[in-house]
Amino acid sequence: MSSAAPKGMDDRLAASASPPLKGIINVPGDKSMSHRALILGGLAAGETRIEGLLEGDDVLRTADAVRALGADVERLGPGHWRVVGAPWRAPDAPIDCGNSGTGARLLMGAVAGLPVEATFIGDVSLHSRPMNRVLDPLREMGAAVESQDGRMPVTVRGGGLTGISFRNLKASAQVKSAIILAGLHADGAVEVIEPARSRDHTENMLRAFGADVEQDGYTIRLGARRALTATDVAIPGDPSSAAFPLVAALVTPRSDVTVEGVMVNPLRAGLFTTLREMGANLEIRNERIAGGEPVADIRARFGPLRGVEVPAERAPSMIDEYPILAVAAAFAEGRTVMHGLAELRVKESDRLAAILAGHKACGVEARDEGDTLIVEGKGAPPRGGGDVAAHHDHRIAMSFLVLGLAACEPVAVDSAAMIATSFPGFTELMRGLGAKIA
Ligand code: S3P
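Residues numbered from 1 in each chain as written. Predicted model: local features only at pLDDT ≥ 70, side-chain atom pairs only at ≥ 80, totals over all residues. Heavy atoms only, no water.

Trainee: For this particular structure, what's the right way to read the pattern of salt bridges?
Mentor: Once the charged atoms of two side chains with opposite charge are near each other, the side chains can pair. Applying the stated criterion across every chain, the model contains 40 salt bridges. Residue R67 pairs with D64 through a salt bridge whose shortest N-O separation is 3.0 Å. You can see R67 and its partner D64 sitting in helix α2 (residues 57-68), 3 residues apart, about one turn around the helix. Exposure remark for R67: the relative accessible area of 34% places this residue in the partly exposed category. What makes D64 partly exposed here is its relative accessible area of 44%. (Salt bridge = Lys/Arg side-chain N within 4 Å of Asp/Glu carboxyl O. Helix = DSSP H or I, 4+ residues; strand = E, 2+ residues; numbered from the N terminus. Buried < 20%, exposed > 50% of the residue type's maximum accessible area, 1.4 Å probe, protein only.)

This is the structure we're talking about:
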């Protein structure tokens, strides 16, 4: 098992009441697309050039993995990478996916399709996360799989797969993607049926690499053309990262922040819909297509927010955004009720528990009822003053730092190094807007 981020004094950060946040910024490239660009590039014939790759730890692990599996992966400059696909071979050592569930699950799927054996390991958090959600369908397709009771280390011996018609009980892009990537080399029909649509970056990118993928309601089906040909991929800004400076601007008095070039694929944009329902002064401007995805500039200005009810159906389109939404809800006037959050218990940490503990430490009234999270906003800045356990979870750390920017008393988080898994440069970028984070 690889070690988690360093613990200790230098890993702590604190945020305190800040002047108005002002500026026009860009955030790093989308994490989901970055993993996929490297994996598809590694499977494709020819040279793929990637612009805007997120150079966070999670994605760098996937780059190392694709290289260890035989592809030529090279960094040409900031965010600019070149991948030359090659027949995959068994890596010399276990593949260490670090903190990344996406990297691990997608790579397991890709390996399952090929006559390759690979063992997957990760950090403490990843070793606690359930893997049977991908291993069961991969087994059904014919892959030989070993795990520790459905947890890592996982060994996949791939090749000789047959098709599958897999009905998932939850919407999960990771599960869908693992099956589709394995299916690229399976014999027979491959389809995944979801209860609701999950993010479709794998499908969109596979089409750009020349494969046939159909979407028919909630069914995703691989077509006959399954060989991948290299292409160039431009990765727009990650909406899940843009969420932090945008919510920071909404809750910090007199702020005005624009994040340019944010991917606004509707299957990722649930937070923006919700914030607007809360009355947020959020403008989505200059919508265009870039890198095959809708992209926009998003301007957030401080103003009052009100509590809302967020339906369970919206969860797949904002699954990573509940920690920061729970922070926005703490500033809103009235109750915010978020339904359908069972999956938050099996993310990088038990995010429901981490949000509740963080809110308690900061004087915010919140509770869970089953898989519903309820936050009572007072329409005024919360007390803050908490020492929040981030549980080595990047999104918990960033969310509570944002809370600290506009709370009455400073908020500290105990482990901030993990922020680099998804948002390298977060602290500097926020400081550049005027945020007091030290
Ligand atoms: C992701 C899918 C989501 C999300 C994760 C990234 C992806 O997970 O939470 O951060 O890139 O496919 P699930 O597939 O488990 O919902």
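Trainee: So what exactly am I meant to see when it comes to the nonpolar core here?
Mentor: The tendency in soluble globular proteins is for nonpolar side chains to be buried as a group. Core analysis: the biggest nonpolar cluster contains 77 residues, and L275, Y322, M338 and L403 have the highest contact counts within it. Those residues in contact with Y322, other than ones at most four positions away along the chain, are V310, R314, A315, M338, H339, L341, L344 and I355. Of all hydrophobic cores here, the second largest spans 68 residues; its members include A71, I164, I180 and A182. (Core = buried A, V, L, I, M, F, W, Y, C linked by side-chain atoms within 4.5 Å. Contact = heavy atoms within 4.5 Å.)

Trainee: It is not clear to me how the sheet that holds strand β5 (residues 80-84) should be interpreted in this structure. Could you clarify?
Mentor: Remark on secondary structure: sheet strands pair via backbone hydrogen bonds, oriented parallel or antiparallel. In space, the 4 strands of this open sheet follow the order β4-β5-β3-β14, with mixed pairing throughout. Edge strands, defined here as strands with exactly one partner in the open sheet, are β4 (72-77) and β14 (233-234). Across 2 bridges, the pairing between strand β3 (residues 47-51) and β14 is parallel. Counterpart to I50 in the pairing with β14 is V233. (Pairing = 2+ DSSP bridges.)

Trainee: I keep staring at helix α6 (residues 173-183) and nothing clicks. Help me out?
Mentor: Helical geometry: 3.6 residues make up each α-helical turn, so side chains three or four residues apart lie on a common side. Extensive coverage of α6 is indicated by the burial of 11 of its 11 residues. Those residues of α6 not exposed but buried are A173, Q174, V175, K176, S177, A178, I179, I180, L181, A182 and G183.

Trainee: Sorry, what's going on with the pairing of strand β9 (residues 151-157) here?
Mentor: Within a regular strand, side chains alternate between the sheet's two faces. As defined by bridge partners, strand β7 (residues 117-121) adjoins β9 across 4 bridges and the pair is classed as antiparallel. Paired with E117 across the two strands is R157, which belongs to β9. Taken together, the 4 bridges between strand β8 (residues 144-148) and β9 define a ladder with antiparallel strand orientation. Following the sheet pairing, V145 is matched in β9 by V156. In this antiparallel pair of consecutive strands, β8 and β9, the connection spans 2 residues, and D149 shows a positive phi of 55 degrees.

Trainee: Explain unusual backbone geometry here, please?
Mentor: The bulk of non-glycine residues show a negative phi, and the bulk of peptide bonds are trans. Of note, the bond from M152 into P153 is cis; its omega dihedral lies within 30 degrees of zero at 0 degrees. Not every positive phi belongs to a glycine, and R254 is a case in point at roughly 65 degrees.

Trainee: Help me understand the packing of helix α8 (residues 239-251) against helix α10 (residues 322-331) in this model?
Mentor: Between two packed helices, both the angle of their axes relative to each other and the distance between the axes serve to describe the pair. Viewed as axis vectors pointing N to C, α8 and α10 meet at an angle of 0 degrees, and their least axial separation amounts to 10 Å. Looking at the two axes, α8 sits roughly parallel to α10. Within the contact between the two elements, α8 uses A243, F244, V247 and V251 and α10 uses I324, A328 and F331. Split by residue class, the contact of α8 with α10 holds 7 nonpolar, no polar and no charged. (Axes fitted to C-alpha atoms, helices over the stretch in contact; angles between N-to-C directions. Parallel < 35°, antiparallel > 145°, perpendicular 65-115°, else oblique. Nonpolar A, V, L, I, M, F, W, Y, C, P; charged D, E, K, R; others polar.)

Trainee: Is there a simple way to explain the sheet that holds strand β24 (residues 436-437) in this structure?
Mentor: Pairing in this open sheet of 4 strands is mixed, and the strands run β22-β23-β1-β24 from one edge to the other. What marks the edges here is a single partner per strand, and that holds for β22 (387-388) and β24.

Trainee: Even after reading the chapter, I still don't get the domain arrangement of the protein, so can you show me in this structure?
Mentor: Under the domain assignment used here, the protein contains domain 1 (13-29 + 236-437) and domain 2 (31-234). Each of domain 1 and domain 2 has a C-alpha centre, and these two points are 28 Å apart. Tallying the contact residues gives 25 residues for domain 1 and 26 residues for domain 2. Counting the surface lost from both domain 1 and domain 2, the interface buries some 2100 Å², and carbon and sulfur atoms represent 51% of this. (Domains from an automatic or database assignment. Buried area = accessible area lost by both parts, 1.4 Å probe.)

Trainee: Before we go on, may I ask you to explain the side chain of T102 in this structure?
Mentor: Residue placement: T102 occurs in helix α3 (residues 101-112). At 2.8 Å, the side chain of T102 forms a polar contact with the side chain of Q174. With residues up to four places along the chain from it excluded, the contact list for T102 reads H35, R36 and Q174. (Polar contact = N/O pair within 3.5 Å; in protein donor to acceptor, adjacent residues only side chain to side chain.)

Trainee: Quick question: what am I supposed to make of helix α1 (residues 31-43) here?
Mentor: In a regular helix each residue adds 1.5 Å, so 13 residues correspond to 18 Å; α1 covers 19 Å between its end C-alpha atoms and thus fits that length. In terms of residue burial, α1 counts as a mostly covered element, since 13 of its 13 residues are buried. Two to three positions downstream of the cap, the backbone nitrogen of S32 sits 3.3 Å from a side-chain oxygen, assigning the N-cap of α1 to D30. (Expected span 1.5 Å × (residues − 1).)

Trainee: Before we go on, may I ask you to explain the site of the ligand in this structure?
Mentor: Taken together, S32, R36, T102, S172, A173, Q174, R199, I319, D320 and K347 make up the full set of residues adjacent to the ligand. The separation between an oxygen atom of the ligand and a polar main-chain atom of A173 is 3.0 Å. A distance of 2.7 Å is found between an oxygen atom of the ligand and a side-chain nitrogen or oxygen belonging to K347. In this structure the site holding the ligand corresponds to the largest pocket. Mapped onto the shell around the ligand, the elements with two or more residues apiece are α1 and α6. Of the domains in this structure, domain 1 (13-29 + 236-437) and domain 2 (31-234) are the two that each give at least three residues to the shell around the ligand. (Near = heavy atom within 4 Å. 1 Å grid on protein atoms, 1.4 Å probe; cavity = no way out; pocket = protein on both sides within 12 Å on 5 of 7 lines; lining within 4 Å. Sits in = over half its atoms within 2 Å of the grid points.)

Trainee: When you look at the layout of surface pockets in this model, what are you seeing that I'm missing?
Mentor: It is the rolling of a water-molecule-sized probe over the atoms that shows where space remains empty. Looking at the largest pocket, its volume works out to about 650 Å³. Considering the residues around the largest pocket, the lining is formed by 34 residues, among which A171, P316, I319, E343 and K347 are closest to the centre. Considering only residue class, the lining of the largest pocket consists of 10 nonpolar, 8 polar and 16 charged. Summarising the domain contributions, the lining of the largest pocket has at least three residues from each of domain 1 (13-29 + 236-437) and domain 2 (31-234). (Points joined across faces, edges and corners; volume = space filled by probe spheres on them.)

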